[in-house]
Amino acid sequence: FFNFLGARDLEHTPASTASREPQSDKELIQDLVIANRLLVAPEMGVLTPDGLAHISVRSRANPDHFFIARDLAPGMVTTADIIETDLDTRPVNGARVAQYSERFIHAEIYRARPEVMAVLHAHTPELRTFGQSSVKLRPVSSKARFIGSGFPIYDITQCTGGAPSPVSCVLCISTPELGRAMAKVMGNAPVVFLLDHGIAMADSSLRGLAV
């Protein structure tokens, strides 16, 4: 599925590579572009109807680095838009580029969890509802078993004394401190609900996370 949609949009994924994971950072970057396109593809666009999602992947060459697009709608991302950054969200080539205000979601999950290879943040309306409801999200198919008994909920106001986020939007996880607090609440779970905001997801594979 990943390669079908990616090849349709980008026409660069050979059929012979459909069953294997990328082995180099160059291949990871190519897959990251596809993953961004998938976020707005008709087949999966329901994940992020507002077009404000972002997805990243940890470098294979340097586990303390990760790749993420510059501040850009995911449907517009190309390889030229991918930034390699350290866990302090500083581009390793020193370039001054516009970045997502919530890049700290990615950095602090990678810092806290060495096994995580990919991170996604989205504002999926249906999942925001489960973040507020007393009814927990439950798996209803075998592929959803990772849900288990539900996911933790991160309330940013508990980390700001009730005040809004000091940078960007009111609920944005836009500082390293807020990112670390969110990663602590997330723990070893694959998903954390962000109260009134969205979700953050983590996986050991970019392809596993994207599809």
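Numbering of residues begins from 1 in every chain and follows the order in which that chain's sequence is written. For a predicted model such as this one, the threshold for reporting local features is a pLDDT of at least 70, and the threshold for listing and counting side-chain atom pairs is 80 or more; totals across whole chains, interfaces and linings nevertheless cover every residue. The basis for the side-chain values is all heavy atoms of the structure; hydrogens and waters are excluded.

S.K.: So, the overall build of the chain: which residues are in play, and what are the values?
M.R.: Numbering of helices and strands runs from the N terminus; a helix is a DSSP stretch of H or I covering at least four residues, while a strand is a stretch of E covering at least two. Summing up its helical and strand segments, the chain has 7 helices and 7 strands in all. Taken from N to C terminus, the helices and strands of the chain fall in the order α-α-β-β-β-α-β-α-β-α-α-β-β-α. Three exposure classes are used, based on accessible area relative to the maximum for each residue type with a 1.4 Å probe and protein chains only: buried under 20%, partly exposed in between, and exposed over 50%. Taken over 211 residues, the chain has a buried fraction of 49%. We call two residues contacting when some pair of their heavy atoms lies within 4.5 Å. Considering only contacts within the chain whose residues lie at least 6 apart along the sequence, 59% involve residues at least 24 apart. Accessible areas in this description were obtained via Shrake-Rupley with a 1.4 Å probe; residue shielding takes into account the shown protein chains only. Total accessible area computed for the chain in this model is approximately 10,300 Å², and 55% of it derives from carbon and sulfur atoms.

S.K.: Report on the pairing of strand S1 (residues 54–58), specifying residues and quantitative values.
M.R.: Buried residues dominate S1, accounting for 5 of its 5 residues. Side chains of S1 alternate between two faces, with His54, Ser56 and Arg58 and Ile55 and Val57 buried alike. As consecutive antiparallel partners, S1 and strand S2 (residues 65–69) are separated by 6 residues. Note on pairing: two strands pair once DSSP finds at least 2 bridges between them.

S.K.: Tell me about the side chain of Asn36, and please be specific about residues and values.
M.R.: For Asn36, the position within the fold is in helix H2 (residues 25–38). Here Asn36 falls in the buried class, since its relative accessible area comes to 0%. Here Asn36 is in contact with Ile55, Pro74, Gly75 and Val77, once residues within four sequence places are set aside.

S.K.: Give me the nonpolar core: which residues, what numbers.
M.R.: In this structure, Ile55, Ile82, Ile105, Ile109, Tyr154 and Met182 are the most contacted members of the largest nonpolar core, which totals 48 residues. Ignoring any residue separated from it by four or fewer positions in sequence, one finds Tyr154 in contact with Cys159, Ile173, Leu178, Ala181, Met182, Val185, Val192, Phe193, Leu194 and Leu195. Residue types Ala, Val, Leu, Ile, Met, Phe, Trp, Tyr and Cys, when buried and joined through side-chain atoms within 4.5 Å, form a set referred to as a nonpolar core.

S.K.: Can you tell me about helix H6 (residues 176–186), naming the residues and giving the values?
M.R.: Of the positions making up H6, those classed as buried are Leu178, Gly179, Met182, Ala183 and Met186. Take H6 and look down its axis: the buried residues cluster within an arc of 135°, on one side only. For H6, the exposed residues set more than 90 degrees away from the buried face come down to Glu177 and Lys184. On its buried face, H6 sits against helix H3 (103–112), strand S5 (153–154), helix H5 (157–160), strand S6 (191–194) and strand S7 (198–203). Phi turns positive, to about 60°, at Gly187, one or two residues after H6. Relevant arc is that of directions from the helix axis to the C-beta atoms, nothing else.

S.K.: Requested: an account of the pattern of salt bridges, with residues and values cited.
M.R.: We define a salt bridge as a contact between a side-chain nitrogen of Lys or Arg and a carboxyl oxygen of Asp or Glu at a distance within 4 Å. Tallying each qualifying case throughout the model produces 9 salt bridges. Ionic pairing is found between Arg90 and Asp86, a salt bridge with its closest N-O pair at 3.0 Å. Linking Arg180 and Glu177 is a salt bridge whose minimum nitrogen-to-oxygen distance equals 3.6 Å. A residue pair is termed a helical-turn pair when its members lie 3 or 4 positions apart in one helix, as Arg180 and Glu177 do in helix H6 at 3 residues. The network of salt bridges with common partners includes Asp86, Asp88, Arg90, Glu108, Arg111, Glu177 and Arg180.

S.K.: Account for unusual backbone geometry, with residues named and values stated.
M.R.: Among all residues save glycine, negative phi is the norm, and among peptide bonds the norm is trans. Positioned with a positive phi, Thr89 is a non-glycine residue whose angle comes to about 65°. Of note, the phi angle at Asp196 is positive, near 65°, even though the residue is not glycine.

S.K.: Provide a residue-level description of the packing of aromatic side chains, including the pertinent values.
M.R.: Each pair of aromatic rings taken from Phe, Tyr and Trp, with Trp reduced to its six-membered ring, is defined by centres within 6.5 Å and is described as stacked if the planes are under 30 degrees apart, edge-to-face if over 60, and tilted in the remaining cases. Inspection of the entire model under this criterion finds 2 aromatic pairs. Aromatic pair Phe66 and Tyr110: ring centres 5.1 Å apart, planes at 40°, arrangement tilted. Of the two residues, Phe66 is situated in strand S2 and Tyr110 in helix H3; the sequence distance between them amounts to 44 residues. Of the residues examined, Phe66 reaches a relative accessible area of 0% and is grouped as buried. For the pair Phe151 and Phe193, a centre-to-centre distance of 5.8 Å together with 65° between the ring planes defines the contact as edge-to-face. Placement of the pair is Phe151 in the loop between helix H4 (125–132) and S5 and Phe193 in strand S6, with a sequence separation of 42 residues.

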